[in-house]
Structures are given as structure tokens and as C-alpha cells.
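Architecture and fold: a report
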Amino acid sequence: MSASHNLNEPMELAVRKARPEDGDMQVWARRLAQEFTVDDLLHYRGFLSHRLDEVMDASLATPFALGSVERSLELVKVQEVGEFLAVVEYAVEGSGFHW
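Residues numbered from 1 in each chain as written. Predicted model: local features only at pLDDT ≥ 70, side-chain atom pairs only at ≥ 80, totals over all residues. Heavy atoms only, no water.

Residue pairs three or four apart in sequence face the same way in an α-helix, which turns once every 3.6 residues. When helix 2 (residues 25-35) is considered as a whole, its buried residues turn out to be Trp28, Ala29 and Leu32. Buried positions in helix 2, seen along its axis, are confined to an arc of 95° and lie on one side of it. Between the side-chain oxygen of the N-cap and the backbone nitrogen of Gln26 there are 2.8 Å, and the N-cap of helix 2 in question is Asp24. (Buried < 20%, exposed > 50% of the residue type's maximum accessible area, 1.4 Å probe, protein only. Helix = DSSP H or I, 4+ residues; strand = E, 2+ residues; numbered from the N terminus. Arc of directions from axis to C-beta. Polar contact = N/O pair within 3.5 Å; in protein donor to acceptor, adjacent residues only side chain to side chain.)

Here we take up the side chain of Asn8. With respect to the helices and strands, the residue Asn8 is situated in helix 1 (residues 3-18). The residues touching Asn8, leaving out its near neighbours within four places in the chain, are His43, Tyr44 and Phe47. (Contact = heavy atoms within 4.5 Å.)

Moving on to the side chain of Ser59. Relative to the elements of secondary structure, Ser59 occurs in helix 3 (residues 38-61). Owing to a relative accessible area of 5%, Ser59 belongs among the buried residues under this scheme. Not counting residues within four places of it along the chain, the set of residues in contact with Ser59 comprises Arg71, Glu74, Leu75 and Val78.

Let's shift gears to helix 3. For helix 3, with 24 residues, the first-to-last C-alpha span of 34 Å sits near the 34 Å given by 1.5 Å per residue. If you check which residues of helix 3 are buried, you get Leu41, Tyr44, Phe47, Leu48, Leu52, Val55 and Ser59. (Expected span 1.5 Å × (residues − 1).)

Our focus in this paragraph is the pattern of salt bridges. Using the criterion set out here, one finds 5 salt bridges in the structure. Close ionic contact of Glu83 with Arg19 constitutes a salt bridge, the shortest N to O distance being 3.1 Å. Separated by 64 residues along the polypeptide, Glu83 in helix 4 (residues 68-94) and Arg19 in the loop between helix 1 and helix 2 bring together distant segments of the chain. Members of the salt-bridge network, linked through shared partners, are Glu12, Arg16 and Glu80. (Salt bridge = Lys/Arg side-chain N within 4 Å of Asp/Glu carboxyl O.)

Take it as geometry only, folks, not as evidence of what the structure does.
Put into C-alpha cells, the structure is as follows:
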């Protein structure tokens, strides 16, 4: 694991913990905006953006010959990282930050 990933593990756990059971993005984003500074969210957004590229590359590199289970696991990673990235961006925007 890279040092960058280790620094972001507490943030990932907090993002997971803040997620409402029904997955409501507005509630989730508000919780994150209350818990973290815009700077923290922007830093984590940068990490997630890079991580999304990594998991997408890994998903594309997974040969179809390995079977659908392995490919499905890779696609779940892509979906999860993408979802985290979307909610973090939503939280940043909700904090009044304009791109």
C-alpha cells in the first residue's frame, strides 16, 4: 500500500460510516460537509480521482478468461470509488465551494 493510501484510510472509513442506510446522496453529502473541511474533502477528492483511474485500469486489464466473478469484483470497486467521488464532490459543492 502506498503512503498516500494509508493517509486516506481514515477518510475512507469516515465516508463509509457517514453513508445513510438508504444511500441518500444529499444526506450523505451533508454529513461529510459537517464532519470535514473543504480542504480535507478536496484532498480526498484528488485521491479518489486517482484511485478511480487505477481501479478502472485494473478492471480493463482483467481478462475475460478469468471469469465473471473476478470481473464483477473489479466493477464493484469502480462503482464504489465512483460513488465516493460523487458524494465528496457533492459535499464540496454544498459547502459553498465553486469549481
